[in-house]
Amino acid sequence: MMIVMKADATQEEIDTAISRVEEGGARAHVSTGAERTVIGAVGVDGTQRERLASLATAPGVDRVVPITKPYKLASREFGPDPESTLEIAGRTIGGGAFATIAGPCTVESYEQTMSTARTMRDVGVQFFRAGAYKPRSSPYSFQGLGREGLGILRAVKEETGLPIVTELMDVRDVEAVCEVADVIQVGARNMQNYPLLTEIGRSGVATLIKRGLAATIEELLMASEYVLKEGNPNVILCERGIRTFETTTRFTLDIAAVPVLKELTHLPVVVDPSHAAGRRDLVLPLSMAAAAAGADGIIVETHPAPEEAVCDGPQQLRADEFGAYLRRVEAAAALAGRVPAPVTVPA
């Protein structure tokens, strides 16, 4: 259930409502927006539901609303605002701010990673992405530099100031990744790794969850619920293409998922055109389509010399051409009312 507080509710009235929720054994998840505070009551049985319904007449309470969807905290009804705005390391995503997450597929070397990061900073990218750990279909393919790669990403953050987005694959690496990452990326193969999602939720670090290769939109939202229920509100959803019968592209990008998710959830939605296309020449049109469809951002791969990349070279944009690409995508985003996310320096 969801307890919606009045705009002028006092902190004492909010605290009283929270206590009423917890008295019956339910968990209270508090979300504060620009105009209202919403308290989600999770784990409510039939008896508790009747008791909490009486909160509708309590001081400071506007209304009590049952949430019928299986994903409670991710539902649009729960958000204090129609679209959540996340503030992460001085960057904004959601709520009308269009964020760009860009960088190489993987950390190959110090120079390759740092040179890309410098270029991304100079053209106005908000977040830098690169994988220290890489999930690969073949056990004989390059698996990433691991802890060495995390060290390089730490150096990138210290020099450029760019927040780091990097993948976490194993619960054994949670602490090491959290020391470097501003946003933990959950790859498509791990979208339903529920113990991993739970640990990420407990870490408090923001997370970007990619839709699984054959996952439904509801399954993606349920995956986000595992992070949200641990008290971590900073969740970003990512449409990255699903596996269909089509073989001319690496995956089939489900552009319709963007407006559908916008109807169902308050969480920011980004699109990965690189993995969907698998081809450099398709990244720009797919990025513009995603922006025009109302996405809150893109996560895209770029490399100083894609032909020399150790993995996914054919889908990576050339770093020295990224600025021109980004200006065109931002123009498409503006048509949907999204503007480039502002960059602020944390105090």
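For the structure, see preceding data.
This text gives an overview of the structure that appears in the document. These numbers were taken from a predicted model, which means no experiment stands behind them. Residue positions are given per chain, counted from 1 along the sequence in the order it is written. Predicted model: local features are reported for residues with pLDDT of at least 70 only, side-chain atom pairs are reported and counted for 80 or more only, and whole-chain, interface and lining totals are derived from all residues. For side-chain calculations, the full set of non-hydrogen atoms in the structure is used, while hydrogens and water are omitted.

Quick notes on the nonpolar core
- Working definition of a nonpolar core: buried Ala, Val, Leu, Ile, Met, Phe, Trp, Tyr and Cys residues. They are joined through side-chain atoms within 4.5 Å. Only protein chains enter the area calculation, which uses a 1.4 Å probe; residues under 20% of their type maximum are buried, those over 50% are exposed, and those in between are partly exposed. Membership of the largest hydrophobic core comes to 66 residues, with the highest contact counts inside it found for Met120, Phe128, Leu153, Ile209, Val300, Phe322 and Tyr325.
- Setting aside residues up to four positions removed in sequence, Phe322 forms contacts with Thr100, Ala102, Met120, Val123, Val125, Val300, Thr302 and Leu317. Here, two residues are considered to be in contact whenever any of their heavy atoms come within 4.5 Å of each other.

Overview of the side chain of His266
- Only DSSP runs of H or I reaching four residues or more are called helices, and only runs of E reaching two or more are called strands; each is numbered from the N terminus. The residue His266 is located in the loop between helix H8 (257-264) and strand E13 (269-271) in this model.
- Polar side-chain contacts of His266 include one of 2.8 Å to the backbone oxygen of Leu73.
- A 3.5 Å cut-off defines polar contacts: any pair of N or O atoms within that distance qualifies, except that in protein one atom must be a possible hydrogen donor and the other a possible acceptor, and neighbouring residues in sequence count only when both atoms are side-chain atoms. Polar side-chain contacts of His266 include one of 2.5 Å to the side chain of Ser84.
- Beyond its immediate sequence surroundings of up to four residues, His266 is in contact with Leu73, Ala74, Ser75, Arg76, Phe78, Gly79, Asp81, Pro82, Glu83 and Ser84.

Examining the layout of surface pockets
- Both site types are read off a 1 Å grid over the protein atoms alone. A 1.4 Å probe that fits but cannot get out defines a cavity, while an open set with protein on both sides within 12 Å along at least five of seven lines defines a pocket; lining residues have an atom within 4 Å of a point. Grid points are joined across faces, edges and corners, and a volume is the space filled by probe spheres set on the points. Quantified by volume, the largest pocket comes out at close to 370 Å³.
- Surrounding the largest pocket, 20 residues form its lining, Val30, Ser31, Ser84, Pro233 and His266 being those nearest its centre.
- Of all the elements in the fold, those that place two or more residues in the lining of the largest pocket are strand E2 (27-32) and strand E5 (86-88).
- For the lining of the largest pocket, the element with the most residues is E2, which contributes four residues.
- Charged residues are taken to be Asp, Glu, Lys and Arg, nonpolar residues to be Ala, Val, Leu, Ile, Met, Phe, Trp, Tyr, Cys and Pro, and polar residues to be all remaining types, Gly included. In the lining of the largest pocket, the residues fall into seven nonpolar, ten polar and three charged.
- Within this model, the second largest pocket holds a volume of roughly 320 Å³.
- The wall of the second largest pocket is formed by 19 residues, among which Pro135, Arg189, Arg240, Arg250 and His275 lie closest to the centre.
- Across the lining of the second largest pocket, the residue classes tally to five nonpolar, four polar and ten charged.

Examining empty space enclosed by the protein
- Counted according to the given criterion, the structure contains one cavity of 30 Å³ or more.
- Counted as a void, the largest cavity has a volume near 40 Å³.
- Looking at the largest cavity, the residues that line it are Met1, Gly40, Ala41, Val42, Ile67, Lys72, Leu73 and Phe78.
- Class assignment of the residues belonging to the lining of the largest cavity gives a composition of six nonpolar, one polar and one charged.

Digging into the packing of helix H6 (residues 194-203) against helix H7 (residues 217-228)
- Where H6 meets H7, the axes come as close as 7 Å, and the angle between the chain directions of the two elements is 45 degrees. Comparing their axes, H7 and H6 come out oblique. Packed against H6, whose contacting residues are Tyr194, Leu197, Thr198 and Gly201, the element H7 presents Ala223, Tyr226 and Val227 at the interface.
- Residue composition of the contact of H6 with H7, by class: five nonpolar, two polar and no charged. A fitted line through C-alpha atoms represents every axis, and for helices the fit uses only the stretch in contact; the resulting angles, taken between N-to-C directions, go from 0 to 180 degrees. Here the word oblique covers every angle except those under 35 degrees (roughly parallel), over 145 (roughly antiparallel) and from 65 to 115 (roughly perpendicular).

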